Amino acid sequence: MADILAISMFAITCIALMGGYNVAFTLSGMSLLFASIGVITGSFEVEFLLSLPGRIYPLITKEILMAVPLFVFMGVMLEKSRIAEELLEAMGNLFGPLSGGLGISVIFVGALLAASTGIVGATVVTMGLLSLPTMLKRNYSPALSSGAIAASGTLGQIIPPSIVLVILGDQMSNAYQEAQRSLGLEETGVISVGDLFAGALVPGLILVFLYATYIFITAYFKPNLAPSQSWPEGPSPWVFIKKTVIAMLPPILLIIAVLGSILSGYATPTRGAALGALGAIYLASYKTSEYWLYKLSSICAATSNKLGFFNNYRFNRNRYQV
Amino acid sequence: MVFISTQEKSQLNNMIGNTDLIFILSHIFQLLGWVFSPFLVLPIMYFLFSKNQFLKSLSFGIVSTIDTFNYYIGEIVKWLLPLMVLTISFSIFALSIFGKSWTKLFETSEYFHASVIMLGAASTLLAGKHVRVDIFYSKMNNISRSLVEIIGFYSLPIILWNSQSFVRSSWMILEGSSEIDGIKGEFLLKTLIPIFSVLMIIQGLSISLRAVMYILRHEKPLLPLNFDDTFINENSFK
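Residues numbered from 1 in each chain as written. Chains lettered and ligands numbered in written order. Predicted model: local features only at pLDDT ≥ 70, side-chain atom pairs only at ≥ 80, totals over all residues. Heavy atoms only, no water.

Chemist: Can you lay out the nonpolar core for me, pointing to particular residues and giving the numbers?
Modeler: If you look at the biggest cluster of nonpolar residues, it comprises 61 residues, and the most contacted ones within it are A:L70, A:F71, A:F73, A:M74, A:V166, B:I88 and B:M118. Element by element, the count of residues in this core is highest for helix 6 (residues 103-126) of chain B, at 11 residues. Once you skip the residues sitting within four places of it in the chain, A:F71 turns out to touch A:T117, A:P161, A:I163, A:V166, A:V258, A:I262, A:P269 and A:A273. With 30 residues, the next largest nonpolar core counts A:L102, A:A114, A:L144 and A:I159 among its residues. (Core = buried A, V, L, I, M, F, W, Y, C linked by side-chain atoms within 4.5 Å. Buried < 20%, exposed > 50% of the residue type's maximum accessible area, 1.4 Å probe, protein only. Helix = DSSP H or I, 4+ residues; strand = E, 2+ residues; numbered from the N terminus. Contact = heavy atoms within 4.5 Å.)

Written as structure tokens, this is what we have:
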């Protein structure tokens, strides 16, 4: 009976999710519905439901999960401080003569943003708004340019510091300990979020490299898909190089501060994220002097709204474990 | 109905004196919950008796009150985010420069975090920013979207119901931090859980009432003023 319930819960939840109600409340509502069916048919103890608040509580107080709002805050802050715009413009000009140069610079800007923020949605939208019109104006094929933007925008998931890895790290350390206990092994070592970050760094960079290579090869063999473009008339190439370096400096400093402190074990991910957020506040206040408070307010609002997404994760995980 | 045994109660009695007061208070809150629970069927009643003037004005008032309330809560709570950044950074600097570990300061940021997460959720719901799978939803017309909103509403009260003994026992011993020099206010953090569910329930009520108003083509109250780009006006029902 319990098996049938579990399978039908899975199937009906999938259908209900497609209906389009908020994911968090669909999942919780469905699991509670099936829990009550289970109580009626006697395959589920009512007492399990009593542990629900006890399971929510650690999720709002765990130190490692405090890194999530901090990374989101940092990401939104960087997005609003227009670092991506400058970087993209400078790099696009610099790599223009290379075959597929603009596409490659989109990939690199995406990777830099991913390494400094760790959230996905914002970067995809920003990159799309910024680079798609430019790419189309330079006669890039729409398929190739939107593909490059989507791929580079989602790099935030893989390249640390990534919020998905923070949540996964929390989950996996529990699973790891439970697995060791159930096998009767001694508890040797733990999986920390820092370990996951270190592990994800190289694969992420390989992915960036592969994307760039793909665009380069495509543009090399089919130049009409991604036509190259000579440097604008007037200033010497050194001007573009200088501009690119200046635009790259702030994100790279942030990356070194955040990732460096986390990977070297100097700071926990939460503290690293707080430092990064502080750096981002500084950068943004440096770039936008007027209406600063107003912007900060809209950034806070955007952040707390984005947190809704992670809440979904938090509360649902509970229900299904119960 | 009361999830605390007499034996447990006597144990708690030994720890601290004022358990009776909190026991009575918790029953008062429970009673309030029973008094207000009929409001949960208001969307259905409104849908069935759409001609009733009293129901119409009642739900209009309820929706505008709830929305304004949750909007301002969200507006206040969002300022805890930069505060959280500042407190954590400050505790890092205190540790690395002055060599002082300041547990209380770090725990303050924990309180900020919990408050942002739990109290901001309802205003996120108001802004329609919770994640949806919109493969079909984006193609639906407004009527079926509104129906989805109404059907989806009836799932939250269980957390509220279950958190009562959890919170009550924490209040009875006025639970402090697990750190030695931490803040002695863990019971306040636990109280956030029922507050969260109450806020979510009333916001869900408001949204489903809005959906009914849309279906009936009645006039809807305006969303709170002073929106910026994150509060896209009525994006769920357009």
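Let's pick the thread back up.
Chemist: I'd like a description of the packing of aromatic side chains, backed by residues and values.
Modeler: Evaluation of the coordinates by the stated rule reveals three aromatic pairs over all chains. Where A:F216 meets A:Y220, the ring centres are 6.2 Å apart and the plane angle is 20°; that geometry is what we call stacked. Of this pair, A:F216 and A:Y220 both sit in helix 11 (residues 193-221), four residues apart, which is roughly one turn of the helix. For the ring pair A:Y220 and A:F221, a centre distance of 5.5 Å and an interplane angle of 90° mean the geometry is edge-to-face. Like A:Y220, the residue A:F221 is exposed in the burial classification. Members of the aromatic cluster, connected to one another through ring pairs, are A:F216, A:Y220 and A:F221. The ring of B:F106 is capped by A:R271, whose NZ or CZ atom sits 4.2 Å from the centre of that ring. (Phe/Tyr/Trp six-rings, centres within 6.5 Å; stacked < 30°, edge-to-face > 60°. Lys NZ or Arg CZ within 6 Å of the ring centre and 35° of its normal.)

Chemist: Give me the packing of helix 6 (residues 83-94) of chain A against helix 12 (residues 237-263) of chain A: which residues, what numbers.
Modeler: Residue and element names in this part refer to chain A. Where helix 6 contacts helix 12, the two axes come as close as 9 Å, and the packing angle between them is 150°. Taken together, the axes of helix 6 and helix 12 are roughly antiparallel relative to one another. Relative to helix 12, helix 6 is oriented so that their crossing is left-handed. Contact with helix 6, carried on its side by I83, E86, L87, A90, M91, N93 and L94, involves P237, F240, I241, K243, T244, A247, M248, P250 and P251 of helix 12 and no other residues of that element. Grouping the constituent residues of the contact of helix 6 with helix 12 by class yields 12 nonpolar, two polar and two charged. (Axes fitted to C-alpha atoms, helices over the stretch in contact; angles between N-to-C directions. Parallel < 35°, antiparallel > 145°, perpendicular 65-115°, else oblique. Left-handed = near helix turned anticlockwise from the far one by under 90°. Nonpolar A, V, L, I, M, F, W, Y, C, P; charged D, E, K, R; others polar.)

Chemist: So, the environment of A:Y266: which residues are in play, and what are the values?
Modeler: Relative to the helices and strands, A:Y266 is located in the loop between helix 12 and helix 13 (269-287). Classification of A:Y266 by relative accessible area gives exposed; the value is 56%. Separated by 154 residues in the primary sequence, A:Y266 and A:L112 have C-alpha atoms spaced 22 Å apart. In contact with A:Y266, not counting residues within four places along its chain, are A:S261 and B:S96.

Chemist: Give a detailed account of a nonpolar patch on the surface, specifying residues and quantitative values.
Modeler: Together, B:L21, B:I24, B:L25, B:I28, B:F29, B:L31, B:L32, B:V35 and B:F36 line one region of the surface with nonpolar side chains, adding up to about 910 Å² of accessible area. If you trace the backbone, B:V35 turns up in helix 2 (residues 19-36). (Patch = residues over 30% accessible without salt bridge, like charges linked within 9 Å, V, L, I, M, F, W, Y side chains within 5 Å. Areas by Shrake-Rupley, 256 points an atom, 1.4 Å probe, with all protein chains shown as cover. Salt bridge = Lys/Arg side-chain N within 4 Å of Asp/Glu carboxyl O.)

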